[in-house]
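Single-letter residue listing:
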Amino acid sequence: MIEFKDISFEYEDGTGIISDLNLNIKDGEVLLLCGESGCGKSTLLRMINGLIPNYYNGNLKGEVLVDGLNTAETDLYLLAQHVASVFQNPKTQFYNVDSTEEMVFSLENRGISREEMKIRLENTVKKLRMDNLVGRNLFKMSGGEKQKVACACADTSDADIIVLDEPSSNLDLHTIRELADIIRVWKEEGKTVVIAEHRLYYVLPIADRVLYLKDGKVLMECTPDELVSLGKKKLESMGLRNSDIMNLSVNSSKVEENDKITLANYHYTYPGRLQESLNVEEISITRNAIIGVVGDNGAGKSTFARAICGLERHASGSIELDGEIYARRKRLKKTFMVMQDVGHQLFTDEVHEEMVLSLEKQDDDSENKISMVLEELNLSDKYERHPQSLSGGEKQRVAIGSAIVSDRDIIVFDEPTSGLDHRHMKAVASLIRDLKAKGKTVFIVTHDPELITECCDELIYMQDGKVLEYGRLTQDMYDRWLYRTNTLKVKKRVDDDQITALKRLWQLAEKEHARLIVSIITAVIGVMGNIIPYIAAARIIEMLLGGITDINGYIKWCFIGFAGFVVKTLFYGIGLGLSHKSAFNTLADIRKA
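The present account deals with the structure reproduced in this document. (Residues numbered from 1 in each chain as written. Predicted model: local features only at pLDDT ≥ 70, side-chain atom pairs only at ≥ 80, totals over all residues. Heavy atoms only, no water.)

1. Remarks on the sheet that holds strand E5 (residues 69–70)
Move 1: Here four strands make up an open sheet; going across it, the order is E2-E1-E4-E5 and the pairing antiparallel. Edge positions in the sheet fall to strand E2 (18–25) and E5, since each of these pairs with one other strand and no more.
Move 2: Contacts from helix H1 (residues 41–49) reach strand E1 (2–11), E2 and strand E4 (58–66) within the one sheet, and its direction differs from that of E1 by about 120°. (Pairing = 2+ DSSP bridges. Helix = DSSP H or I, 4+ residues; strand = E, 2+ residues; numbered from the N terminus. Contact = heavy atoms within 4.5 Å. Axes fitted to C-alpha atoms, helices over the stretch in contact; angles between N-to-C directions.)

Structural data, given as structure tokens:
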């Protein structure tokens, strides 16, 4: 049972105001918190897990009771036995490199016995179907895999209450479906689950109750069906995302087909891997268009985006534009990229300074330009705020603003709407369309169906580092992408961080196992045959030193030595030929994969 009694809260900087909140969350209930960015969803979750007031300081009035414990008076390590958390960015809650160690980390801190930890770990892995994520390096996992590990950490803790803050913001549609399955498991177990989320479509079928927040107050309390019955236009006016992504209409505009940009020979292999992570031979996209780049987590989209911008130093590839070919160094000055983790590209102490830093050159109109961009992104009141003190959605908008004022010819966005509500998603789409109107070519790496239907003209669909389909975005093409994603099966994969190089090669050469075994046997016979001439020579020398004059004995050992040479040449040659043939076929299969 979670109880909010006359709760009011305000952060030290005067933001995040919650006013006179009274709320009861029943045991075993799945509660969805929705509303525009900054409405107070994350603040409520932080009160439940004790981060307010134990980590985030501010003026708190009233009581929050979790299983009878006052969160303001209870140490976090005690509260963690009742409440487990899954954050928007799972990297912020990891303390280990190995995934298995991370899953049992909280249990170790609580002094749980090894036997109990082993039982809990095995139950979690089986229940959440995570066998392929055990014993893995967290730094080599995709975003979706990291989020599943974060869910596993919450599950092993055996807490009765689990809070999730925008858990789907960086996930592809297939992984979101897996996340929904995990939440269903928790619901069946009778756990209390509280989710703050913008993407409604996957949570609504699971939730028991919905709270709509605005400006720190609960304006609506209803069932999922009642929320859906409000209709698309009403939900959009409330700043909420679509409740059904399967029936969105594509709004792509007509694009002039005259000028083309050719992307050619993009190849990249991550260190320690055999299979190429990026393999794009040649595609031609329309200049001055908005191109969506889609695919599942780990498909190579972000690698492709970095390679286009010249940020992936060891990746090959070129852009042909206006008859000129731009290699990596030239592309650095021609392109601008907004990264998925925007914290990596926010360097200054103020939002305004961040905009100034991105200007190609300053002139009399620079300040007016910056002010207009900040106003369009609803950041005017954050003019002097430190970028790192902003919410995730606000940081994203600052980075987008930097891209807009940079005035480069090609702008690449990597997940620009992750963590954004409907209103801010529409604002980002509008700004991207404005970039197109100014003659820019825009690439958008995204998992967001609403953004794609809102502003994309063309679509590039990637899988396993390759482009499976590209062209003008039509309703059929959009539907094909959704169908492929929703029918995707978990692939058998080779975990580079989990096995030796020799074992990895053996797995990749699965079709050539019989040929390889024969080559090894014949090579061994050849090596053994190579020993025979030395034995024969030693025997002949021994006979000479012993004064033996039997000519037949010398002939016999000469024949044996020659026979050994023939065996060595024949069998070793066959073994070498078979192994080379296996290597050639395996390499061809890897390139086709």
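Still more to cover.
2. Examining the pairing of E1
On any regular strand, side chains alternate: one points to one face of the sheet, the next to the other face.
Move 1: The sheet contact formed by E1 and E4 spans eight bridges and is antiparallel. For phenylalanine 4, the partnering residue across the bridge sits in E4 and is valine 64.
Move 2: For E1 and E2, the ladder comprises five bridges, and the chain directions are antiparallel. Within the sheet, the bridge partner assigned to isoleucine 7 lies in E2 and is leucine 21.
Move 3: Between E1 and E2, which pair antiparallel one after the other, the connecting turn spans six residues, and glycine 14 there sits at a positive phi close to 90°.

3. Considerations on the nonpolar core
Most often, soluble globular proteins keep nonpolar side chains buried together rather than apart.
Move 1: Residues Val149, Trp186 and Phe413 are the most contacted members of the largest nonpolar core, which totals 97 residues.
Move 2: By residue number, the principal contributor to this core is helix H8 (residues 173–188), which donates eight residues.
Move 3: With near-sequence residues (within four places) excluded, phenylalanine 413 lies in contact with Val338, Ile400, Ala403, Ile432, Leu435, Val442, Phe443, Ile444 and Val445.
Move 4: Core analysis: the next-biggest nonpolar cluster, separate from the first, contains 28 residues, Ile261, Leu278, Ile285 and Ile410 among them. (Core = buried A, V, L, I, M, F, W, Y, C linked by side-chain atoms within 4.5 Å. Buried < 20%, exposed > 50% of the residue type's maximum accessible area, 1.4 Å probe, protein only.)

4. Focus on the side chain of glutamate 415
Move 1: Following the sequence through the fold, glutamate 415 ends up in the loop between strand E17 (410–414) and helix H16 (422–437).
Move 2: Of note is the side chain of glutamate 415, whose polar atom sits 3.2 Å from the backbone nitrogen of histidine 447.
Move 3: Apart from the residues lying within four places of it in its own chain, the contact partners of glutamate 415 are Gln340, Gln396, Val445, Thr446 and His447. (Polar contact = N/O pair within 3.5 Å; in protein donor to acceptor, adjacent residues only side chain to side chain.)

5. A look at the pattern of salt bridges
Move 1: For the structure on display, the rule yields 28 salt bridges.
Move 2: Linked through salt bridges whose partners overlap, the residues forming this network are Glu29, Arg209 and Glu221. (Salt bridge = Lys/Arg side-chain N within 4 Å of Asp/Glu carboxyl O.)

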